[in-house]
Each structure stands twice: as structure tokens, then as C-alpha cells.
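Per-entry structural report
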Amino acid sequence: MVDHARPAPRPDFRTKPTLTGEHVLLRPVTADDVLALMPMFLDPEVSRLTGSHDDGGLDEGRLRAWYGSREEQDDRLDLAVVERATGNVVGEVVLNGWDRANESCGFRIALVPGTYGGGLGTEATRLVVGYGFEKLGLHRIALEVYAFNPRARRAYEKAGFVAEGVLRDALLWRGERVDATVMSILAPEWFRHGGRPDEA
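Let us look at the structure shown here. Computed from a predicted model, the values in this text were never measured in an experiment.

Parameters at a glance
- Residues numbered from 1 in each chain as written.
- Predicted model: local features only at pLDDT ≥ 70, side-chain atom pairs only at ≥ 80, totals over all residues.
- Heavy atoms only, no water.
- Helix = DSSP H or I, 4+ residues; strand = E, 2+ residues; numbered from the N terminus.
- Buried < 20%, exposed > 50% of the residue type's maximum accessible area, 1.4 Å probe, protein only.
- Contact = heavy atoms within 4.5 Å.
- Pairing = 2+ DSSP bridges.
- Lys, Arg positive; Asp, Glu negative; His and termini not counted.
- Salt bridge = Lys/Arg side-chain N within 4 Å of Asp/Glu carboxyl O.
- Polar contact = N/O pair within 3.5 Å; in protein donor to acceptor, adjacent residues only side chain to side chain.

The next point concerns the overall build of the protein chain. A tally of regular secondary structure across the protein chain gives 6 helices and 8 strands. Projecting the C-alpha coordinates of the protein chain onto the three principal axes gives extents of approximately 55 × 35 × 35 Å. For the protein chain, the residues scored as buried account for 46% of the 200 residues in total. The long-range share in the protein chain, meaning contacts at least 24 apart out of those at least 6 apart in sequence, stands at 65%.

Attention shifts here to the pairing of strand β3 (residues 77–83). Within β3, 6 of the 7 residues are buried, leaving the element largely enclosed by the surrounding structure. Pairing analysis gives 5 bridges linking strand β2 (residues 24–28) to β3, with the strands arranged antiparallel. Bridged to L26 within β3 is V81. Pairing of β3 with strand β4 (residues 89–99) involves 6 bridges; the strand directions are antiparallel. Within β4, the position partnered with D78 by the bridge is V94. Hairpin remark: β3 followed by β4, antiparallel, with 5 residues in the connecting loop; positive phi at G87, about 80°.

Moving on to the pairing of strand β8 (residues 176–186). Both faces of the sheet carry side chains from a regular strand, because those side chains alternate between them. In this structure, strand β6 (residues 140–146) lies alongside β8, joined through 7 bridges in antiparallel fashion. Considered in β8, the bridge of E144 is made with V182. Inspection of the sheet shows strand β7 (residues 162–173) paired to β8 by 8 bridges, in the antiparallel sense. Residue pairing for β8: L171 is matched across the bridge by V178. Where β7 folds back on β8, the antiparallel hairpin that results is connected by 2 residues, among which R174 adopts a positive phi of roughly 50°.

Moving on to the side chain of E123. Tracing the backbone through its elements, the reader meets E123 in helix α4 (residues 120–134). Here E123 occupies a buried position and makes no salt bridge, while the nearest side chain of opposite charge, R196, is found at 5.9 Å. Only 2.7 Å separates the side chain of E123 from the backbone nitrogen of V24, close enough to count as a polar contact. The contact partners of E123, leaving out residues within four places of it in the chain, are G21, E22, H23 and V24.

Here it is, written out as C-alpha cells:
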């Protein structure tokens, strides 16, 4: 019989790693990254694809304070995505919403406009998801993707995420109600295909 009452070991979110891939490097995000990320915050299409409603404008000081405090977080991981060829910060990846009882986390990624389509997002996703399973000991990593973002959904599928179901009318965007698909990847799946299900 499995003892479900035992506490799960606490993942070490205090350690902020640097993860290196072929085309991207992930490192702890800092307040100084805000300038490079600003095009992402200001782009209307990024706002639409992520469902980020305008909350009255961006405050650079508030953003710098937020990103400057990520190093202290012990229940989430925020990493900058750096394109190795240029050294430019091109986005961020996040493991958040840690659920200790169920050994799970949420995942999100956002890239600066003009950096899509070259595989940077897929590689960044594989790097941080692999870290979540192999180093943090997570069992499940999940996300939601809106119906009007098929490019992102395909990138998640390429990294091993599987569609679980649909949240109907999850987003109200400019008068249109949009469904969101819940997707996840489980540790046994990751250890079977390493984020490359098409090659397994």
C-alpha cells in the first residue's frame, strides 16, 4: 500500500540554476533584464496570446522591483532566456504555482517579438521542464494555451506536453470568448522520451 500521507520532499527552488542548450542559455532573471524584455511587455500580440489584460499601463520601476525579487523566491523559478549566438535576452521561462501535496507546478514561457519560429522556445521549454523533473523532483508540469495560439500549442507538443481538456470560454478578449486547452507532461513521460516524443 502506498502511504499518501508522507510529505513530499521540498523541491529546491532557492537554487537558481544556469541551464545551457545548443541555442539558448537559461539563467536567473534580474532587474537589469527588464529593458530587454520591455518589447515583450509592450507588444499587443504578446498580450493577446498570453491573455494579459491591460491593467492601466506598465511601470518600469514596478517591473524592476518584481524581477529584482525573483532571486529570493523559494516556491518558483524564473529564468531569463538568452540567445547564445547574440547574448541577447529574448524571453523568460517560469515554473510557478508549486503544489507540494501533488508534486506539481505550472509552466509559462514568453518570448520577445521577432524571436519566434527558430526553435528557441522549444529548447528553453525542454531545458526547464527537464530541470523540473530531474532536479526538483516534480511529478507533473502543466500549462494552459489559448485556442488562438496554435503555434505555441505545437511547440508544447514537440516538448512532450499532452492535451488534457478544454476550459470553455476561459478568456474574454476584446469581446470574444476564447477556450483554453490544459496541457501537461508527467515525469514518467519525460524520462521515457526526454522532451522529444516524436523521436521516441
